[in-house]
Number of protein chains: 4
Amino acid sequence: MRNKNNRVHSHDVTQAAYNALIERGVTINDIAEIVYEMQGPYNEQLQLDECIESVEKVLLKREMQHAILVSVELDRLAEQKKLSEPLQSLVETDEGLFGVDETIALGASLGYGSIAVTTFGHLDKNKIGIIEKLDTKRGGAIHTFLDDMVAAIAANASSRLAHRLRDIEENLPKNERRIIEDE
Amino acid sequence: MRNKNNRVHSHDVTQAAYNALIERGVTINDIAEIVYEMQGPYNEQLQLDECIESVEKVLLKREMQHAILVSVELDRLAEQKKLSEPLQSLVETDEGLFGVDETIALGASLGYGSIAVTTFGHLDKNKIGIIEKLDTKRGGAIHTFLDDMVAAIAANASSRLAHRLRDIEENLPKNERRIIEDE
Amino acid sequence: MRNKNNRVHSHDVTQAAYNALIERGVTINDIAEIVYEMQGPYNEQLQLDECIESVEKVLLKREMQHAILVSVELDRLAEQKKLSEPLQSLVETDEGLFGVDETIALGASLGYGSIAVTTFGHLDKNKIGIIEKLDTKRGGAIHTFLDDMVAAIAANASSRLAHRLRDIEENLPKNERRIIEDE
Amino acid sequence: MRNKNNRVHSHDVTQAAYNALIERGVTINDIAEIVYEMQGPYNEQLQLDECIESVEKVLLKREMQHAILVSVELDRLAEQKKLSEPLQSLVETDEGLFGVDETIALGASLGYGSIAVTTFGHLDKNKIGIIEKLDTKRGGAIHTFLDDMVAAIAANASSRLAHRLRDIEENLPKNERRIIEDE
């Protein structure tokens, strides 16, 4: 897993973040559907495929990948009752005043500007699509951190699409568009 | 307005922030009503008076007062067409990708923890009460920055009440309660 | 540990956060010394005791306590090699581009305003006092998350003192001073 | 300045942000020199040209351009004594507890991850290069907001280079490198 400098390679981190989502029951498509619902009203020609692509781009960011790895790990450890008390109880019950889950997700969301931040808050309050499913506890499953991360990923992909739409409306050449969008 | 150290006194800043809200048509009561709507579902004994008190406490914070002064000033200057282009147009049209208004408000909101941040995002997207009125342009009035600030004040007062409710439920003595709530 | 509502009581969370710091070798005094170094230049009458008190007040905030519990837990699990790969390697090596540790600490720091944020960045770069000791790996000890949390606590206590000093200079009555400082 | 949709075109905003910096006495080179000083220790082959390019990419982001426009406008209005009291005095004296300048700059900095945030805090405290010059008031010049913005731009360009360096060390193909760096 590590190279000669004893470092984890980006490819391994990217792959691990993808796997972590899938293993926890969240597909790219699930997230893209939230994006579609958020951005559709502003762009009637929006296709689900564009939302999927936007989610994929967001997932290439190192900051997102690291936040996903930590979030999924804490949920998993809580399910296995391996956290120390009182943290175990706080995470297990998704206690209302416990905010480290939102902090990690918001931190990853701030990178996509103000639309990402307000969309994150909205999704976090109004639990849409897969977020709602994750939030509803069933069996022993714990998704205290993951539901916030999914909201952050969807918020970022939404903000990215809003900027992209503007670039297209302004007839920016593809090269320049790419720069404004993604730099 | 300044003392011998050439400094503005806290009292003057507090007063100016209050006046700025009033002059722009926003009362403490307007904001408290949003707080009541946000926190009522979590606390059936909540009274409007407690919401008013919570808004008043939030308005005592220097960070809030400074953010209000800057926000109202920029709206006012835009109404008077005194900003340079292209900033004048960006503020005047409350352009969707312009996010400095949200940045200033969010910065003032982060001080009240994760509930404040998600509530801010929710209010900013769903425009409740006076926020909706401010957002609806009428005459030459411009409230590009103020509507976000009102969302931030209401979000902070809501988060403050959520923490306070917990303290009461836990039967903390008043002195200790105060510390957890406000320190 | 939980009451009849199945909730952890604030007292238990407070105690656990204190214990977590002590067990990881960080005393209130260690943190207060950083605060003294940061604020001394702005206030020549500053006493270490005031710095200690300021750190104690900061540690009463729920957001700080939760952030400490999560940070210490992740460091501990990494020492015990109990995190999944590649997270284990990322935390173990305190990898330079891994930023979740800073995100959690910064999130807890934003509550004390702009002085807290810039002081946090400064401490995080310039490793002062106990932060430097934590950052220097010795034996199998891992403090990837804790050094950032200590920087955040010290930054918050510093910002709190800066506001307090202003209140005293302005001869605010004790009651009002308290409100501006801590609300 | 506006198109038929009554919207300011991206090109105009980009140009205006560049002009604003130049008119206030800040060149791309000035900012690149700070970046060089910050990143040089981590990368001995770093060239000033790469720092210049990194600053230019950061300046293409809409969030940065909007933050620059607002910051420069407020400094200019303060110089012309056109802000209302007490805001005029707060900005004119760059009052220590006034933090809206840091809030706007930090908001623009959060987009480049944790290295950007800690570097911003460090630069803001330690005033390097042109930041120091801006901070030193001379004549009637006021740079209360601009010095923080320059710190944010330099911090972002530094963080961007740190990520880029890693990508090169990992021999990522140019196409993929670009994605991780800039998406």
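These notes cover the structure that comes with them. These numbers come from a predicted model, not from an experiment.

1. Some details on the overall build of chain A
Helix and strand content of chain A: 10 helices and 0 strands. Helices and strands appear in chain A in the N-to-C order α-α-α-α-α-α-α-α-α-α. Relative to a compact globule of 183 residues, whose C-alpha radius of gyration would be 16 Å, chain A shows 17 Å and is just as compact. For chain A, the proportion of contacts with a sequence separation of at least 24, taken over those separated by at least 6, is 68%. Summing over all exposed atoms, chain A offers an accessible surface of approximately 6,800 Å²; the carbon and sulfur share of this is 47%. Looking at chain A, you have 21 positive and 32 negative side-chain charges, and the mean spots of the two groups are 6 Å apart.

2. Structural notes on helix α9 (residues 146–169) of chain C
Residues and elements named next belong to chain C. Taking 1.5 Å per residue, 24 residues should reach 34 Å; α9 reaches 35 Å between its end C-alpha atoms and fits that length. Across the 24 residues that make up α9, a large majority, 21, are buried. Two residues or fewer past α9, asparagine 171 is found with a positive phi of approximately 55°.

3. Overview of the relation of the copies chain B and chain D
In the superposition of chain B on chain D (RMSD 0.0 Å, axial shift 0.0 Å), the rotation amounts to 180°. These values place the two chain copies in the arrangement generated by a two-fold rotation axis. Every residue of chain B has its C-alpha some distance from the rotation axis, and the shortest such distance is that of isoleucine 104 of chain B, at 3.1 Å. Most of the interface of chain B is mirrored in chain D, where 100% of its interface residues are also at the interface.

4. Describing the relation of the copies chain A and chain B
You can overlay chain A on chain B at an RMSD of 0.0 Å; the transform is a turn of 180° with a shift of 0.0 Å along its axis. Taken together, the interface assignments show that 100% of the residues at the interface of chain A recur at the interface of chain B, consistent with an identical surface on both copies.

5. Brief notes about the interface of chain B and chain D
Accessible area lost upon the coming together of the parts is a frequently used measure of interface size. Each partner contributes to the interface: chain B provides 35 residues, whereas chain D provides 35 residues. Together chain B and chain D conceal approximately 2,900 Å² of surface at their shared face, both sides included; 71% is due to carbon and sulfur atoms. Taken as a group, His66, Glu73 and Pro86 of chain B account for 18% of the area that chain B buries against chain D, more than any other trio of residues on that side. Applying the counting criterion to the chain B and chain D interface returns 0 salt bridges. Seen at the junction of chain B and chain D, the total is 2 residue pairs in polar contact (both at pLDDT 80 or more). Residue assignment for the side of chain B that touches chain D shows that the elements contributing at least two residues are α1 (10–23), α4 (62–79), α5 (87–92) and α6 (100–109) of chain B. No other element matches α4 of chain B, which puts 9 residues into the side of chain B that touches chain D. Taken together, the residues of the side of chain B that touches chain D sort by class into 17 nonpolar, 8 polar and 10 charged.

6. A look at the interface of chain A and chain B
Every contact between the two is made by 23 residues of chain A and, on the other side, 23 residues of chain B. Of the roughly 1,800 Å² buried between chain A and chain B, counting both surfaces, carbon and sulfur atoms make up 65%. A per-residue breakdown of the area chain A buries against chain B is headed by Leu97, Thr118 and Lys125 of chain A, which together make up 35% of the total. For the interface between chain A and chain B, the tally reads 2 salt bridges. Notably, a salt bridge pairs glutamate 95 of chain B with arginine 166 of chain A, separated by 2.7 Å at the nearest N-O pair. Our count for the contact surface shared by chain A and chain B stands at 4 residue pairs in polar contact (both at pLDDT 80 or more). Put simply, the parts of the chain that give the side of chain A that touches chain B at least two residues each are α6 (100–109), α7 (113–126) and α9 (146–169) of chain A. Looking at the side of chain A that touches chain B residue by residue, the classes come out as 9 nonpolar, 9 polar and 5 charged.

7. Structural notes on the packing of α6 of chain A against helix α6 (residues 100–109) of chain C
Two elements in contact, α6 of chain A and α6 of chain C, have axes whose closest approach is 9 Å; the angle formed by their N-to-C orientations is 115°. Relative to α6 of chain C, α6 of chain A is oriented so that their crossing is right-handed. Mapping the contact onto sequence places Val100, Thr103, Ile104 and Gly107 of chain A in α6 of chain A and Val100, Thr103, Ile104 and Gly107 of chain C in α6 of chain C. Taken together, the residues that form the contact of α6 of chain A with α6 of chain C break down as 4 nonpolar, 4 polar and no charged.

8. What about the pattern of salt bridges?
Per the counting criterion, the structure on display carries 36 salt bridges over all chains. In this structure, arginine 62 of chain B and aspartate 167 of chain C form a salt bridge, with 2.6 Å as the shortest nitrogen-oxygen distance. Taken together, the residues arginine 62 of chain B in helix α4 and aspartate 167 of chain C in helix α9 connect one chain to another. What makes aspartate 167 of chain C buried here is its relative accessible area of 0%. Here lysine 127 of chain D makes a salt bridge to aspartate 147 of chain D, at a shortest N to O gap of 3.9 Å. Of this pair, lysine 127 of chain D sits in the loop between α7 (113–126) and α8 (130–135) while aspartate 147 of chain D is found in helix α9 (residues 146–169), placing the two residues 20 residues apart along the sequence. A residue is classified by how much of its surface remains accessible, and lysine 127 of chain D, at 22% relative accessible area, is partly exposed. Here aspartate 147 of chain D falls in the buried class, since its relative accessible area comes to 2%. If you follow the salt bridges from partner to partner, you end up with Glu23, Glu73 and Arg76 of chain A in one network.

9. Observations regarding the packing of helix α2 (residues 28–39) of chain B against helix α3 (residues 48–58) of chain B
All names here are of chain B. At a minimum axis separation of 8 Å, α2 and α3 run at an interaxial angle of 115°. Classified by chirality, the crossing of α3 by α2 is right-handed. Packed against α2, whose contacting residues are Ile28, Asn29, Ile31, Ala32, Glu33, Val35 and Tyr36, the element α3 presents Leu48, Cys51, Ile52, Val55 and Glu56 at the interface. Of the residues that constitute the contact of α2 with α3, the class distribution is 9 nonpolar, 1 polar and 2 charged.

10. Let's talk about unusual backbone geometry
Each neighbour pair has its own omega, and for glutamate 85 of chain B with proline 86 of chain B the value is 5°, a cis peptide bond. Phi is positive for lysine 127 of chain A, which is not a glycine, with a value near 35°. Of note, aspartate 94 of chain B is a non-glycine position whose phi angle comes to about 45°, a positive value. Structurally, aspartate 94 of chain B is set in the loop between α5 and α6.

11. Quick word on the environment of tyrosine 42 of chain D
All names here are of chain D. Position of tyrosine 42 relative to the elements: it lies in the loop between α2 (28–39) and α3 (48–58). Take tyrosine 42: its relative accessible area is 54%, and that puts it in the exposed class. For the pair tyrosine 42 and arginine 62, spaced 20 residues apart in the sequence, the C-alpha separation amounts to 29 Å.

12. Some details on the environment of serine 109 of chain A
Residues and elements named next belong to chain A. Here serine 109 lies in helix α6. Residues serine 109 and arginine 62, 47 residues apart in the sequence, show an inter-C-alpha distance of 12 Å. Apart from residues lying up to four places away in sequence, serine 109 is in contact with Ala116, Phe120, Ala152, Ala155 and Asn156.

Basis of the calculations
Residues numbered from 1 in each chain as written. Chains lettered and ligands numbered in written order. Predicted model: local features only at pLDDT ≥ 70, side-chain atom pairs only at ≥ 80, totals over all residues. Heavy atoms only, no water. Helix = DSSP H or I, 4+ residues; strand = E, 2+ residues; numbered from the N terminus. Rg over C-alpha atoms; globule rule 2.2 N^0.38 Å. Contact = heavy atoms within 4.5 Å. Areas by Shrake-Rupley, 256 points an atom, 1.4 Å probe, with all protein chains shown as cover. Lys, Arg positive; Asp, Glu negative; His and termini not counted. Charge placed at Lys NZ, Arg CZ, Asp CG, Glu CD. Expected span 1.5 Å × (residues − 1). Buried < 20%, exposed > 50% of the residue type's maximum accessible area, 1.4 Å probe, protein only. Least-squares fit on C-alpha atoms with pLDDT ≥ 70 in both. Buried area = accessible area lost by both parts, 1.4 Å probe. Salt bridge = Lys/Arg side-chain N within 4 Å of Asp/Glu carboxyl O. Polar contact = N/O pair within 3.5 Å; in protein donor to acceptor, adjacent residues only side chain to side chain. Nonpolar A, V, L, I, M, F, W, Y, C, P; charged D, E, K, R; others polar. Axes fitted to C-alpha atoms, helices over the stretch in contact; angles between N-to-C directions. Left-handed = near helix turned anticlockwise from the far one by under 90°.

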